[in-house]
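# Fold and geometry: a report
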Amino acid sequence: MTTQAVKIEWMKAPVRPGSGPGQPARPRSAAAQEMAERLAGGILDRATLHRILATTDADELEVIRHAAEQTLLQHCGDTVRLRGLIEFSNRCVLDCHYCGIRRSNKAVDRYALELDEIVETAQWCAQKGYGSIVLQSGERRDAKFVQLVTDAIQAIKAGTRTPELPDGVGITLCVGEQSPETYARWYEAGAHRYLLRMESSLPSLFAALHPPEQSYASRVACLRSLKDIGYQVGTGVMIGLPGQSLDDLVDDVLFFQELGVDMIGMGPYIPHEQAVLPGNPAILDVDTRLQLSLKMIAATRLLLRDVNIAATTALQALSETGREQGLRYGANVIMPQVTPPRVRRMYTLYDGKPCLDDNAEQCATCLEGRIHSVGRRVLRNGWGDSAHYLKRNAV
Ligand code: SAH
């Protein structure tokens, strides 16, 4: 049983729905009361995590949300950290069943940005005070690709130095499974965070989502190798996958803890027309997937406390306010879209991807408003590293 003996002051006076100024206080539901007691006692065992994911009781949900938000404020502060997302190529050698840019999707035009354009995009981010970028692409392992990423990292580091950011922007890579040598090379070139999602920590579900040549064991080995090299390591899962139970999601959260990751990027599974899962299974409705994703953010925040958690774009694909809700449930990272608009449509991992037509400037203004609307501040000109990472390295 995982228990955490933290004294949780804020549980004494949670904000209750229907108990604002001028409104008569009304008692919380029995479920909410019990959840408040469990969380105040630091009880975050399997049963509690399962209950967090299962609840549909509005009062109980608010207790959970509020506790997650307070845990975030206590362990990571109130700033939202921005990572300009550069989707620099949709060429991919893999064939993940769920993904819109999978190799076998012949309906998508393929592109790769030139080095100059990648660097200019990163410089725009630096000028905006974003502090960090994510380089994301489909997966390739050939020498030319490894070289392009190496060159991009070096050029971005050299080209984004400012008085506020003397070492240039922080770089997170999200380019899939690579050899330890490649990971080490990119680390030496200057990347210091790496995001590689497990997609599901349940081996049988992982196998159902990928062709046989992609293995669960190799993905776990990559995560371990990234950690050994010294990266801040992130992982995550898709939520609301066909065949995925609440118990599986509890296992995912416990898996994050066991692996000791620094960052989490997870979001709802969203179907793509040209990437239908084998057997064309039924999919949970939008609202259920959205709620489940928010509850996963809260559960992860409550258990792991000091990791960075992204409010992913996929949340916004399901609801206009999805990312803000993610922040309210304990997320503290947002990845503003900065991919040049002319190629953005070609990087469609799932249907209904938002922000397809807004330019980076519009995305910046829009996001800032969204962040302020939930009472949070934007971190400017800082890498915004994970507090968990900083702690595990402070010996
Ligand atoms: N090739 C890189 C990054 C590209 S995809 C890699 O594999 O790491 C980035 C993430 O998008 C994936 O990890 C996956 O979780 C998510 N994604 C892909 N297709 C999706 C879908 N249909 N619904 C929701 N998320 C999806």
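Structure: above.
Our subject in this report is the structure included herewith.

What counts, and at which threshold
Counting starts from 1 at the beginning of each chain's written sequence and moves along it residue by residue. With the structure being a predicted model, the display of local features is reserved for residues of pLDDT at least 70 and the display and counting of side-chain atom pairs for 80 or more, all residues being used for whole-chain, interface and lining totals. Water and hydrogen atoms were dropped before computing side-chain values, which therefore reflect all heavy atoms in the structure. Whether a residue is buried, partly exposed or exposed follows from its accessible area with a 1.4 Å probe, protein chains only, as a fraction of its type maximum: under 20%, in between, or over 50%, in that order. Think of it this way: any DSSP run of H or I at least four residues long counts as a helix, any run of E at least two long counts as a strand, and we number them from the N terminus. If DSSP finds at least two bridges between two strands, the strands pair. Seen with the strands pointing away from the viewer, any crossover whose path from the first strand over the helix to the second strand runs clockwise is right-handed. Residues are labelled near a given molecule or strand when at least one of their non-hydrogen atoms is within 4 Å of it. Under this definition, polar contacts are N or O atom pairs within 3.5 Å; protein pairs additionally need one hydrogen-donor-capable and one acceptor-capable atom, and for neighbouring residues in sequence, both atoms have to be side-chain atoms. Residue burial considers only the protein chains on display, and all accessible areas are found by Shrake-Rupley using a 1.4 Å probe. The way it works is a 1 Å grid over only the protein atoms, where trapped points that fit a 1.4 Å probe form a cavity and open points with protein on both sides within 12 Å along at least five of seven lines form a pocket, and then any residue with an atom within 4 Å of a point lines it. Cavity and pocket membership follows a simple rule, namely that a molecule belongs there if more than half of its atoms are within 2 Å of the grid points. Residues are grouped as follows: nonpolar covers Ala, Val, Leu, Ile, Met, Phe, Trp, Tyr, Cys and Pro; charged covers Asp, Glu, Lys and Arg; every other residue, Gly included, is treated as polar. Each aromatic pair joins two rings of Phe, Tyr and Trp (for Trp, the six-membered one) with centres within 6.5 Å, and gets the label stacked for planes under 30 degrees apart, edge-to-face for over 60, and tilted for any other angle.

### So, the pairing of strand 2 (residues 132–137)
Regular strands place side chains that alternate from one sheet face to the opposite one. Within strand 2, 6 of the 6 residues are buried, which leaves it mostly tucked inside the rest of the structure. The alternating pattern of strand 2 places Ser132, Val134 and Gln136 on one face and Ile133, Leu135 and Ser137 on the opposite face, and all of these are buried. Pairing of strand 1 (residues 79–89) with strand 2, which is carried by 6 bridges, proceeds in the parallel orientation. If you follow Gly84 over to strand 2, its bridge partner there is Ile133. Viewed along the sheet, the connection from strand 1 through helix 4 (residues 115–127) into strand 2 turns out right-handed. As defined by bridge partners, strand 2 adjoins strand 3 (residues 170–174) across 5 bridges and the pair is classed as parallel. Counterpart to Gln136 in the pairing with strand 3 is Cys174. Taken together, strand 2, helix 5 (residues 143–159) and strand 3 constitute a β-α-β crossover, and its handedness is right-handed.

### Section: the site of the ligand
Contacts to the ligand come from 16 residues, most closely from Tyr98, Ser137, Arg197, Glu199 and Ile270. Take Ser137: an N or O atom from its main chain is 3.0 Å from a nitrogen atom of the ligand. Arg197 has a polar side-chain atom sitting 2.7 Å from an oxygen atom of the ligand. Protein contacts shield 93% of the accessible area of the ligand, which totals 540 Å² for the unbound molecule. Placement of the ligand is best described as lying within the largest cavity. Looking at the shell around the ligand residue by residue, the class counts come to 10 nonpolar, 3 polar and 3 charged.

### Some remarks on the packing of aromatic side chains
What the rule picks out here adds up to 7 aromatic pairs. Here the aromatic rings of Phe145 and Trp186 are separated by 6.4 Å at their centres, their planes lie at 75°, and the arrangement is edge-to-face. Highlighted residues: Phe145 in helix 5 and Trp186 in helix 6 (residues 180–189), separated in sequence by 41 residues. Assessed through its relative accessible area of 1%, Phe145 is described here as buried. Accessibility expressed as a relative area gives 0% for Trp186, which makes it buried. Members of the aromatic cluster, each reached through a chain of ring pairs, are Tyr183, Tyr187, Tyr194 and Tyr231.

Function cannot be inferred from these measures alone, as they are strictly geometric.
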